[in-house]
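Listed here are the chains, written in short residue letters.
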Amino acid sequence: MTNHEINQITNYLAINENLLTAGMPTAEQLHAFQSEKIDMVINLAIEDSSSATPNEREILNSLGISYSNIPVVWENPKVSDLTQFFSIMDENQSKKLFVHCVLNMRVSAFVFLYFVIQKQMYPEIAIQNLRKIWEPNIIWQIFMNKALLANHKKPFFR
């Protein structure tokens, strides 16, 4: 059962028992990660954005939780960001991960692509979690199709 503090994070969505996603956690919510036995936090938001949690890295490090930041620019996601995300996800797949951005939109798109490209999941299945969060705008549809094509997958978005 997931901690009530974590459930309250904007657009919280547990993909499975080892992969939790959400928008931006508060400093107080970060402290709840320790009792949830979260091993690593991956932040896809820009660390100095106005909605960023101050000292996120320091708070998590003080709790013994690994932290990685891939600053994905909302209006210009890059395949290199996605490649870095895949690498971190693959290296830490045996750990309990919490992946967040500002509203779980970047994360839901990256997690969709991770499951389709890295885990060979059918896009029709992987899209279900993404759609619980949002319908991607044209910038993100183009980005996701580009990533799929670059990995020898059919474009999914029309």
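The shown structure was predicted, so the numbers you read here are calculated from the model rather than taken from an experiment.

## Focus: a nonpolar patch on the surface
Here's step 1: A cluster of nonpolar side chains, Ile 138, Ile 139 and Ile 142, forms an exposed patch at the surface whose accessible area comes to about 280 Å².
Here's step 2: Tracing the backbone shows Ile 142 in helix H7 (residues 138-150).
Here's step 3: Judged by its relative accessible area of 53%, Ile 142 is exposed.

## So, the side chain of Thr 21
Here's step 1: Looking at the element boundaries, Thr 21 is found in strand S2 (residues 19-22).
Here's step 2: We classify Thr 21 as buried; its relative accessible area is 2%.
Here's step 3: One polar contact links Thr 21 to Asn 104, side chain to side chain, over a distance of 3.0 Å.
Here's step 4: With near-sequence residues (within four places) excluded, Thr 21 lies in contact with Asn 11, Tyr 12, Leu 13, Ile 15, Val 99, Asn 104, Val 107 and Val 111.

## Focus on the sheet that holds strand S3 (residues 40-43)
Here's step 1: Reading across from one edge, S1-S2-S5-S3-S4 is the order of the 5 strands in this open sheet, with mixed pairing throughout. Of all the strands in the sheet, just strand S1 (13-16) and strand S4 (66-69) have a single pairing partner and so form its edges. Each adjacent strand pair in this sheet contributes to an overall mean axis angle of 20°, direction not counted.
Here's step 2: Two strands pair when backbone bridges link them, and S2 and strand S5 (residues 97-100) are joined in this way by 4 bridges, in the parallel orientation. The residue of S5 that forms the bridge with Thr 21 is Val 99.
Here's step 3: Taken strand by strand, helix H4 (residues 79-91) contacts S2, S3, S4 and S5, and its axis lies near 175° from that of S3.

## Quick word on the environment of Thr 26
Here's step 1: As for its placement among the helices and strands, Thr 26 is situated in the loop between S2 and helix H2 (27-35).
Here's step 2: The partly exposed category is assigned to Thr 26, whose relative accessible area is 33%.

## Quick notes on the environment of Glu 5
Here's step 1: Among the structural elements, Glu 5 can be located in helix H1 (residues 4-7).
Here's step 2: Residue Glu 5 is classed as partly exposed on the basis of its relative accessible area of 37%.
Here's step 3: Sequence separation between Glu 5 and Leu 30 is 25 residues; the distance between their C-alpha atoms is 8.9 Å.
Here's step 4: Other than its neighbours up to four places away in sequence, Glu 5 contacts Glu 28, Gln 29 and Ala 32.

## Here we look at the nonpolar core
Here's step 1: With 40 residues, the main nonpolar core has Ile 42, Leu 44, Phe 85, Phe 112, Leu 113 and Met 144 as its most contacted residues.
Here's step 2: No other element matches the 10 residues that helix H5 (residues 105-118) contributes to this core.
Here's step 3: Setting aside anything within four residues of it in sequence, one finds Ile 42 in contact with Ser 68, Ile 70, Phe 85, Ile 88, Met 89, Phe 98, Val 99 and His 100.

Calculation criteria
Residues numbered from 1 in each chain as written. Predicted model: local features only at pLDDT ≥ 70, side-chain atom pairs only at ≥ 80, totals over all residues. Heavy atoms only, no water. Patch = residues over 30% accessible without salt bridge, like charges linked within 9 Å, V, L, I, M, F, W, Y side chains within 5 Å. Areas by Shrake-Rupley, 256 points an atom, 1.4 Å probe, with all protein chains shown as cover. Salt bridge = Lys/Arg side-chain N within 4 Å of Asp/Glu carboxyl O. Helix = DSSP H or I, 4+ residues; strand = E, 2+ residues; numbered from the N terminus. Buried < 20%, exposed > 50% of the residue type's maximum accessible area, 1.4 Å probe, protein only. Polar contact = N/O pair within 3.5 Å; in protein donor to acceptor, adjacent residues only side chain to side chain. Contact = heavy atoms within 4.5 Å. Pairing = 2+ DSSP bridges. Axes fitted to C-alpha atoms, helices over the stretch in contact; angles between N-to-C directions. Core = buried A, V, L, I, M, F, W, Y, C linked by side-chain atoms within 4.5 Å.

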